[in-house]
Protein chains: 2
Amino acid sequence: MISENQSELIRDLHHVWHPCTQHKDYETTPPILIERAEGIYLQDRQGNRYMDVIASWWVNLFGHNHPRLNKALTQQLEKMAHVMFAGITHQPAIDLADSLVALSPSGLEKVFFSDNGSTAVEVALKMSLQYWQEKGESQKVQFAYLKGGYHGETLGALSVCGLEIFRGKFEKVLPSHLPVEGPDCFRCPYGLQRESCNAECFEPMEKALGENSDTLAGVIVEPLVQGAAGMMMYPPIYLKKLQTVCESLGIHMIFDEIAVAFGRTGSLFVCGAHDLRPTFLCLSKGITSGYLPLSATLTTDEIYSAFYGEYDDMKLFIHSHSYSANPLACAVANETLKMLTENNFLESLKPKIATLKECGKQFEGLNGEFRQTGMIAAVELVKNNKERHPFEKRIGYQVFLEGLKRGLFMRPLGDVVYFIPPLVISEAEIETMLNTAHDCINAVLR
Amino acid sequence: MISENQSELIRDLHHVWHPCTQHKDYETTPPILIERAEGIYLQDRQGNRYMDVIASWWVNLFGHNHPRLNKALTQQLEKMAHVMFAGITHQPAIDLADSLVALSPSGLEKVFFSDNGSTAVEVALKMSLQYWQEKGESQKVQFAYLKGGYHGETLGALSVCGLEIFRGKFEKVLPSHLPVEGPDCFRCPYGLQRESCNAECFEPMEKALGENSDTLAGVIVEPLVQGAAGMMMYPPIYLKKLQTVCESLGIHMIFDEIAVAFGRTGSLFVCGAHDLRPTFLCLSKGITSGYLPLSATLTTDEIYSAFYGEYDDMKLFIHSHSYSANPLACAVANETLKMLTENNFLESLKPKIATLKECGKQFEGLNGEFRQTGMIAAVELVKNNKERHPFEKRIGYQVFLEGLKRGLFMRPLGDVVYFIPPLVISEAEIETMLNTAHDCINAVLR
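What you see is a predicted model; the values in this text were computed from it and never measured.

Caption draft 1: Just the overall build of chain A, in detail. Scanning chain A from N- to C-terminus turns up 15 helices and 17 strands. Computed over C-alpha atoms, the radius of gyration of chain A comes to 22 Å, within 12% of the 22 Å expected from 2.2 N^0.38 for 446 residues, which places it in the range of a compact globule. Overall size of chain A, expressed as C-alpha extent along the three principal axes, is 70 × 60 × 45 Å. Each of the 446 residues in chain A was classed as buried or not, and the buried ones make up 57%.

Caption draft 2: Representation of the domain arrangement of chain A within the structure. Residues and elements named next belong to chain A. Domain boundaries in chain A define domain 1 (32-65 + 347-445) and domain 2 (69-341). The C-alpha-based centres of domain 1 and domain 2 are spaced at 26 Å. Listed by partner, the interface residues are 25 residues for domain 1 and 22 residues for domain 2. Listing elements by their share of the side of domain 1 that touches domain 2, those giving two or more residues are helix 2 (55-58), helix 13 (345-360), strand 14 (368-373), strand 15 (376-381) and strand 17 (416-419). Class assignment for the residues of the side of domain 1 that touches domain 2 results in 15 nonpolar, six polar and four charged.

Caption draft 3: Layout of the relation of the copies chain B and chain A. Overlaying chain B with chain A gives an RMSD of 0.0 Å, the required rotation being 180 degrees about an axis along which the chain moves by 0.0 Å. In the structure described here, the two chain copies are related by an operation that fits a two-fold rotation axis.

Caption draft 4: Region of interest: the packing of helix 4 (residues 91-103) of chain A against helix 1 (residues 4-15) of chain B. Running from amino to carboxyl end, helix 4 of chain A crosses helix 1 of chain B at an angle of 50 degrees, the nearest separation of the two axes being 9 Å. Between helix 4 of chain A and helix 1 of chain B, the angle falls in the class oblique. Note on packing geometry: the crossing formed by helix 4 of chain A with helix 1 of chain B is left-handed. Where helix 4 of chain A approaches helix 1 of chain B, its residues A:Gln91, A:Ile94, A:Ala97, A:Asp98 and A:Val101 are matched on the opposing element by B:Glu8, B:Arg11, B:Asp12 and B:His15. For the contact of helix 4 of chain A with helix 1 of chain B, the per-class residue count stands at three nonpolar, two polar and four charged.

Caption draft 5: Geometry of the interface of chain B and chain A. At the interface, 102 residues of chain B touch 102 residues of chain A. At eight residues, helix 5 (residues 117-134) of chain B tops the list of elements feeding residues into the side of chain B that touches chain A. Sheet topology note: the strand 4 (residues 88-89) of chain A/strand 1 (residues 32-38) of chain B ladder contains two bridges and is parallel. When the bridges of strand 1 of chain B are listed, A:Thr89 appears paired with B:Leu33.

Caption draft 6: How the structure looks around the packing of helix 13 of chain A against helix 15 (residues 427-445) of chain A. Residues and elements named next belong to chain A. Where helix 13 contacts helix 15, the two axes come as close as 9 Å, and the packing angle between them is 25 degrees. In this view, helix 13 runs roughly parallel relative to helix 15, as classed from their interaxial angle. Crossing angle aside, the handedness with which helix 13 passes helix 15 is right-handed. Along its contact with helix 13, which presents Pro351, Lys352, Thr355, Leu356, Cys359 and Gly360, the element helix 15 presents Glu427, Ile430, Glu431 and Leu434. Looking at the contact of helix 13 with helix 15 residue by residue, the class counts come to five nonpolar, two polar and three charged.

Caption draft 7: Examining the pairing of strand 8 (residues 216-221) of chain A more closely. Residues and elements named next belong to chain A. Burial analysis of strand 8 places six of its six residues in the buried class, which makes it a mostly covered element. In terms of strand pairing, strand 6 (residues 142-146) meets strand 8 through four bridges, oriented parallel. Its bridge partner being in strand 8, Gln142 is matched across the sheet by Leu216. The pairing of strand 8 with strand 11 (residues 252-256) spans four bridges and is parallel. Considered in strand 11, the bridge of Ile220 is made with Ile254.

Caption draft 8: Inspection of the nonpolar core at higher detail. Counting residues in hydrophobic clusters, the biggest one holds 303 residues, and the most contacted among them are A:Val219 and B:Val219. A:Val219 has contacts with A:Phe143, A:Ala144, A:Leu209, A:Leu242, A:Cys246, A:Ile251, A:Met253 and A:Ile254, leaving out every residue within four places of it along the chain.

Caption draft 9: Structural detail: the sheet that holds strand 7 (residues 178-180) of chain B. All names here are of chain B. With mixed pairing, seven strands are arranged side by side in an open sheet as 5-13-12-11-8-6-7. Looking at strand neighbours, the two that pair on one side only are strand 5 (108-114) and strand 7, the edges of this open sheet. With strand direction ignored, the average angle separating the axes of adjacent strands in the sheet is 20 degrees.

Caption draft 10: Highlighting the sheet that holds strand 17 of chain A. Residues and elements named next belong to chain A. If you trace the three strands from one edge of the open sheet to the other, you get 14-15-17, paired in antiparallel fashion. Of all the strands in the sheet, just strand 14 and strand 17 have a single pairing partner and so form its edges. Across the sheet, the mean angle from the axis of one strand to that of its neighbour is 15 degrees, orientation sign disregarded. Where helix 13 meets the sheet, its contacts fall on strand 14 and strand 15, and the angle it forms with strand 14 comes to roughly 175 degrees.

Caption draft 11: Examining the environment of A:Asn385 more closely. Residues and elements named next belong to chain A. Here Asn385 is to be found in the loop between strand 15 and helix 14 (395-405). The exposed category is assigned to Asn385, around which 6 C-beta atoms lie within 10 Å. Taking the C-alpha atoms as reference, Asn385 lies 43 Å from Thr299; in sequence the two are 86 residues apart.

Caption draft 12: Quick peek at helix 3 (residues 67-79) of chain A. Taking 1.5 Å of rise per residue, the 13 residues of helix 3 of chain A would be expected to cover 18 Å, and the 19 Å separating its terminal C-alpha atoms lies within 8% of that figure. Where helix 3 of chain A is buried, its residues contact helix 4 and helix 12 (327-341) of chain A together with strand 1 and helix 3 (67-79) of chain B.

Caption draft 13: Spatial organisation of unusual backbone geometry. A positive phi angle is found at A:Met231, which is not glycine, with a value near 50 degrees. Position of A:Met231 relative to the elements: it lies in the loop between strand 9 (225-226) and strand 10 (232-233).

Caption draft 14: A look at the confidence of the model for chain A. Residue-level pLDDT values for chain A average 97, and 100% of them are 70 or greater. The ipTM value of the predicted complex is 0.98, and its pTM value is 0.98.

Caption draft 15: Quick peek at the pairing of strand 11 (residues 252-256) of chain B. All names here are of chain B. The buried fraction of strand 11 amounts to five of the five residues, a majority that puts the element mostly inside the structure. The alternating pattern of strand 11 places His252, Ile254 and Asp256 and Met253 and Phe255 on opposite faces, both of which are buried. In this structure, strand 11 lies alongside strand 12 (residues 280-283), joined through three bridges in parallel fashion. By the bridge assignment for strand 12, Phe255 is matched with Leu281.

Caption draft 16: Local environment of helix 13 (residues 345-360) of chain B. Under the 1.5 Å per step criterion, the end-to-end length of helix 13 of chain B is 23 Å for 16 residues, consistent within 8% with the ideal 22 Å. On its buried side, helix 13 of chain B packs onto strand 14 (368-373), strand 15 (376-381) and helix 15 (427-445) of chain B.

Caption draft 17: Local environment of the environment of B:Ala377. All names here are of chain B. Within the fold, Ala377 resides in strand 15. Separated by 43 residues in sequence, Ala377 and Ile420 have C-alpha atoms that sit 6.8 Å apart. Each residue touching Ala377, except ones within four places of it in the same chain, is listed here: Leu356, Gly360, Phe370, Arg371, Gln372, Tyr418 and Phe419.

Caption draft 18: View of the environment of A:His274. Residue and element names in this part refer to chain A. Mapped onto the secondary structure, His274 falls in the loop between helix 10 (270-273) and strand 12 (280-283). Linking His274 and Ser305, residues 31 residues apart in sequence, is a C-alpha distance of 27 Å. Among residues more than four places away in sequence, those in contact with His274 are Pro236 and Leu239.

Cut-offs used in this document
Residues numbered from 1 in each chain as written. Chains lettered and ligands numbered in written order. Predicted model: local features only at pLDDT ≥ 70, side-chain atom pairs only at ≥ 80, totals over all residues. Helix = DSSP H or I, 4+ residues; strand = E, 2+ residues; numbered from the N terminus. Rg over C-alpha atoms; globule rule 2.2 N^0.38 Å. Buried ≥ 20, exposed ≤ 12 C-beta atoms within 10 Å, placed from the backbone. Domains from an automatic or database assignment. Contact = placed C-beta atoms within 7 Å. Nonpolar A, V, L, I, M, F, W, Y, C, P; charged D, E, K, R; others polar. Least-squares fit on C-alpha atoms with pLDDT ≥ 70 in both. Axes fitted to C-alpha atoms, helices over the stretch in contact; angles between N-to-C directions. Parallel < 35°, antiparallel > 145°, perpendicular 65-115°, else oblique. Left-handed = near helix turned anticlockwise from the far one by under 90°. Pairing = 2+ DSSP bridges. Core = buried A, V, L, I, M, F, W, Y, C linked by C-beta atoms within 7 Å. Expected span 1.5 Å × (residues − 1). pLDDT = per-residue confidence, 0-100.

Put into structure tokens, the structure is as follows:
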């Protein structure tokens, strides 16, 4: 006789197509049927608990089932779940736009809402393109991007994604943009250290921008951490150099902070922490602390004003999503921003970041690298000489399976085991997380 | 001294960039600050009420602030707002996938969740492309689409959108697909009537598909109503012919029912009502009855099985959004489907549809056309001989402004004034809606 859990998993198998999943893997390891979540823990129907080590795809900040976020949502629900956002506005969106502008670097003055990270990027790309057209520079239609860059998977966002695994099957329908060799600190071709280098690896980008400034509308980067590439981390000096060149050549700088904003690196925004002035700032994921889909694209008054004019001039930005600025999501986002900015919350991350660093030392004995940027950490597992393990060994996936046995829900990127826990994780829990992950890795490599 | 309302609108003006909006219009007509919504009415801060004639961009089915939908949301909230959807599953998503499969035409067996209509379309396009590659037909990379078609505004979705107003500024980064002259019943080049024709206008599509079947992956259409084109309505015989040709030539048929599903045309799905078997069915908007962003792409086991295999074969569909299958949105969607399918709800629409038809007769005296498909109706305003009014006159926008004075929130598409009210609108309210709209039109044209 099959259990209730099993019968639900069979229904799942029959009708659900999960994202980024080879369903044949479910023949041996079916998905976990998660029933509840509380704090940093997920609980399945049998009552087993799993630490949400990657914050449910890097979205959760304050833990699951948070009373303040729940209350913000239900209070808005009593007034209005949703209303359209053209010809109409509402308090939650006004407050959120106002807060995002106040908290982000000066110069970013306008906020365009959409539903997910991909659309936030698509909006930035489209605004940049149209801006140059309205300015009479219609030859500026290209975007530079890093070969390790990831910016979402709708076809426009994918066209500036450098990773073969995401774009390979769709090359034939992707417009051609400009891929550039980016920083790769673990395998630095200059033999330098990210803590002390001068971003010598900026050279190919400088060359690419210099040679293509006539046709380049913008350049898009994930600041400090290239997430999907395997949590590749690089120093802010690279971004400083990028800014200098972009400003001198008239190229828009698009910061995709979808994964790194809202405290992940220890600060609210990477651009703010390092005195950087992107033309576009894309936000999503943590914006609702992992409750609801929402994204925002921030930009300058200079961009906005290029779209401003008589209706007949048809300069307006024609882009919409039905649920733009969903009031429920905005209400949760407003509470999230309050929690991030009050009671010195970001200060409270400092000892956690130190604990993460300290506990990370145990990985030094392994072949590979432990790296960390604020509350994001990763262990890249390799053979000797930084050579990758054979793809078909699926080392990372084996580590994932070991994690399940030990109550950790991880999801390594290839052989990079990484940690993006909810920011409210305690120091003791950080220790448990890393010690357990270490056990998992040992169990696999042994 | 400025009022609280005015000061909020100034904050809006400073920091919010609204979708599909020329902000200069706000100098004379600022957005309405909507504070609450109840049933089919929106209420601003001053207490003015507006009938939500277009269901907040065609999303709302059961009215705002519905106790059952609110309850479904809060009950799920007590368990879990969100959890990632790879390696994990949850009851709300399983139930929703199961229901969508049960309620849609047989053959559609798998459900892939994403966040909005654009992404639902992107998923269908990407699945279709990859399917042909996995089958060894990698030359099939093109999509046919109607010149009046609209399928969203991310760049992939936009590449199969036929409307110049949406794609014009972005042509240079859009991959080239195959635009086809579609049905235009109001200005039928064959001089026929949509009620009695044999879809003679299918000829260009038949030709296009026949000549390009080697390279065509699929064809995408909005069944029965081309929404953004101005609620252009055409008969199901066109779709029957499309199906016959697609099946004989091996071309995927993608139905974008984002606007028309869930009762809008009087039935749950257009494909179901007309015995049509699309390869992909894209759903969003009404799926949560206007509460939260969510979308679904349904497809067949034939498609799914092409992606099934050993992990190393890398056939899996690599596409993800952080908030895929958001449990809160799925919970509301489940309740929405219950409400749509119980107590003969769809039957209850019949007298409303009849009232809409009856009241529509008052527009016969105007130059133009009143047209209707189920609960969707539209009045296209023209000069004599079906000639369009000059663009710069903005007749539709003037009608919108008259509507505001009279408590109707409309949003004409060009000079097409249309009605997609929440399905729970009463017959008396339908009369008020159309009579008032008639007054508005008269006030503008007089």
